[in-house]
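# What the coordinates show
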Amino acid sequence: AAGHLHAELAGPDVVLVLFFCAPEYETPAFTAALGQLFAGVLVVGCTSAGEIGPGGYHENSVTALSFSAPDFAAVAGLLLAEGDLDVGRCGETIALLRAELDAHTRAWQGEVNRFALLLIDGTTQREDAVAAFAGGAMVDIPVLGGSAGDALAFQHTSVFAGGRFHAQGAVVILVATRRQVWPFRNQHFVASEKRVVVTAADPQRRVVMELDAEPAVEVYARMIGCDEAELTPMVFATHPLVVRLGGAEFVRSIQRANPDGSLSFYCAVDEGLVLTLSRGRDLLRQTESLYDEVWAALGVPELVIGFECVLNRLEAERSQTKHRLSRLHAANNVTGFASFGEQWGSMHVTQTYTGIAIGRGLLP
């Protein structure tokens, strides 16, 4: 696999190789081969819950892309290692990376676009804190990304940086380019009129014990009109909750119902938060509209880096539109992966599609 990637992506001016792989690729042999074949090149990646590449959706594969000078410059660093979030160290890392990227682009003429990609171990439950800090430290550039996956096991995910895989890690990649870019956040759920208040929660564990002072499972089942015994991952994927922050709506997806009557979420949920039951719009049409906007802004994109929630892929399977959605991604040159959560600015979100489209034209 590493040899095939090298044959497709290598070149004398490559400054970054970005890859997304199924969890079975996290092996010493694959790691060593990447180091040997891409010696001297910045290589960053993560495990996934499904890949997006040539031809659209893939499973049990590795997909990758490379960026080359003189149109691109890139730097990367670990923000989280073994689950240890040191805010002071993160701040120093981001400051150093920004200075290093500025040094790479100092001689560039004309305008320069910058963006940051966040890849975070999806089992750390630290995505909210990392996204909040990184987004706050880089308010002047778009920050987006996804949480690493392990198919659908939810047991062990990792990020790749510095020549090896890191469990419970987070890596940030800063990219500068002469190209036109268009960052996006796309979700197909909107708020309904049914609201509840979180009255008891453990945000660190992402567990909500009570909604409106009643057991959370009972209230949620009543809101969607089903029996508690009927609550399955597909039901949760079809009926997520929504929170309104800063004038925008963000999805708060439920992972599972617990025997004690509590609900486990994919994002942190605080006490006092108002949650609204969502209404789903057509996922395929919403994605088509997104790409219409990309084409209007950039023309046919040369590349789209996409981080799509794995719950969206499951919904597409249920609605039997997965093959059409796959073809749509392929037609728009998407490389990315199915994630356990997505990053947008300083927010960690779910059941969302975040990414950045890169145009063929140069900036003035």
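Here is a short report on the structure shown in this document. Note that the structure is a prediction, hence the values are computed from the model and not measured.

## Quick word on the nonpolar core
Core analysis: the largest hydrophobic core is formed by 26 residues, its most contacted members being L18, F67, L119 and I305. M223, I224, F250 and I254 belong to the second-largest nonpolar core, a separate cluster that totals 25 residues.

## Structural notes on the sheet that holds strand 8 (residues 143-148)
Here we have six strands laid out as an open sheet, ordered 6-11-7-8-23-24, and mixed in their pairing. Across the chains shown, the open sheet's two edge strands, defined by having one partner strand only, are strand 6 (72-80) and strand 24 (347-349). The average undirected angle you get between the axes of adjacent strands in this sheet is 20°. Across eight bridges, the pairing between strand 7 (residues 113-121) and strand 11 (residues 170-177) is antiparallel. Residue pairing in the sheet places F115 in a bridge with V175 of strand 11. Running at roughly 165° to strand 7, helix 4 (residues 127-137) makes contact with strand 6, strand 7, strand 8, strand 11, strand 23 (342-344) and strand 24 of the sheet.

## A short note on the packing of helix 1 (residues 2-9) against helix 2 (residues 28-37)
Between helix 1 and helix 2, whose axes approach to 9 Å, the crossing angle comes to 30°. As judged from the angle between their axes, helix 1 and helix 2 are roughly parallel. In the packing of helix 1 onto helix 2, the handedness of the crossing is right-handed. Contacts between helix 1 and helix 2 involve A2, G3, L5 and H6 from the first element and F30, A33, L34 and L37 from the second. When its residues are assigned to classes, the contact of helix 1 with helix 2 shows six nonpolar, two polar and no charged.

## Regarding unusual backbone geometry
In this structure, P70 follows A69 across a cis peptide bond, with omega equal to 10°. One can find P70 in the loop between strand 5 (62-68) and strand 6. Positive phi, normally seen in glycine, also occurs at F154, with a value near 55°. Along the chain, F154 falls in the loop between strand 8 and strand 9 (158-161). A positive phi is found at Q320, a non-glycine position, where the angle reads about 60°. Within the secondary structure layout, Q320 lies in the loop between helix 8 (310-318) and helix 9 (322-331).

## Some points on the side chain of T350
One can find T350 in the loop between strand 24 and strand 25 (353-362). Within the structure, the side chain of T350 is placed 3.4 Å from the backbone oxygen of V251, a separation counted as a polar contact. When sequence neighbours within four positions are dropped, the list of residues in contact with T350 reads V251, R252, S253, Y266, C267, C309, F340, G341 and E342.

## Comments concerning the sheet that holds strand 22 (residues 334-339)
Strand order in this open sheet of six strands is 4-3-22-21-25-12, and the pairing throughout is mixed. Where the open sheet ends on each side, the last strands, each with one partner, are strand 4 (56-58) and strand 12 (179-186). Averaged over all neighbouring strand pairs, the angle between strand axes comes to 15°, with direction disregarded. Sheet topology note: the strand 12/strand 25 ladder contains seven bridges and is antiparallel. Looking at the pairing, R185 lines up with T354 of strand 25.

Here is what the cut-offs are and how they apply
Residues numbered from 1 in each chain as written. Predicted model: local features only at pLDDT ≥ 70, side-chain atom pairs only at ≥ 80, totals over all residues. Heavy atoms only, no water. Core = buried A, V, L, I, M, F, W, Y, C linked by side-chain atoms within 4.5 Å. Buried < 20%, exposed > 50% of the residue type's maximum accessible area, 1.4 Å probe, protein only. Pairing = 2+ DSSP bridges. Helix = DSSP H or I, 4+ residues; strand = E, 2+ residues; numbered from the N terminus. Axes fitted to C-alpha atoms, helices over the stretch in contact; angles between N-to-C directions. Contact = heavy atoms within 4.5 Å. Parallel < 35°, antiparallel > 145°, perpendicular 65-115°, else oblique. Left-handed = near helix turned anticlockwise from the far one by under 90°. Nonpolar A, V, L, I, M, F, W, Y, C, P; charged D, E, K, R; others polar. Polar contact = N/O pair within 3.5 Å; in protein donor to acceptor, adjacent residues only side chain to side chain.

Honestly, it's all geometry; don't read function into it.
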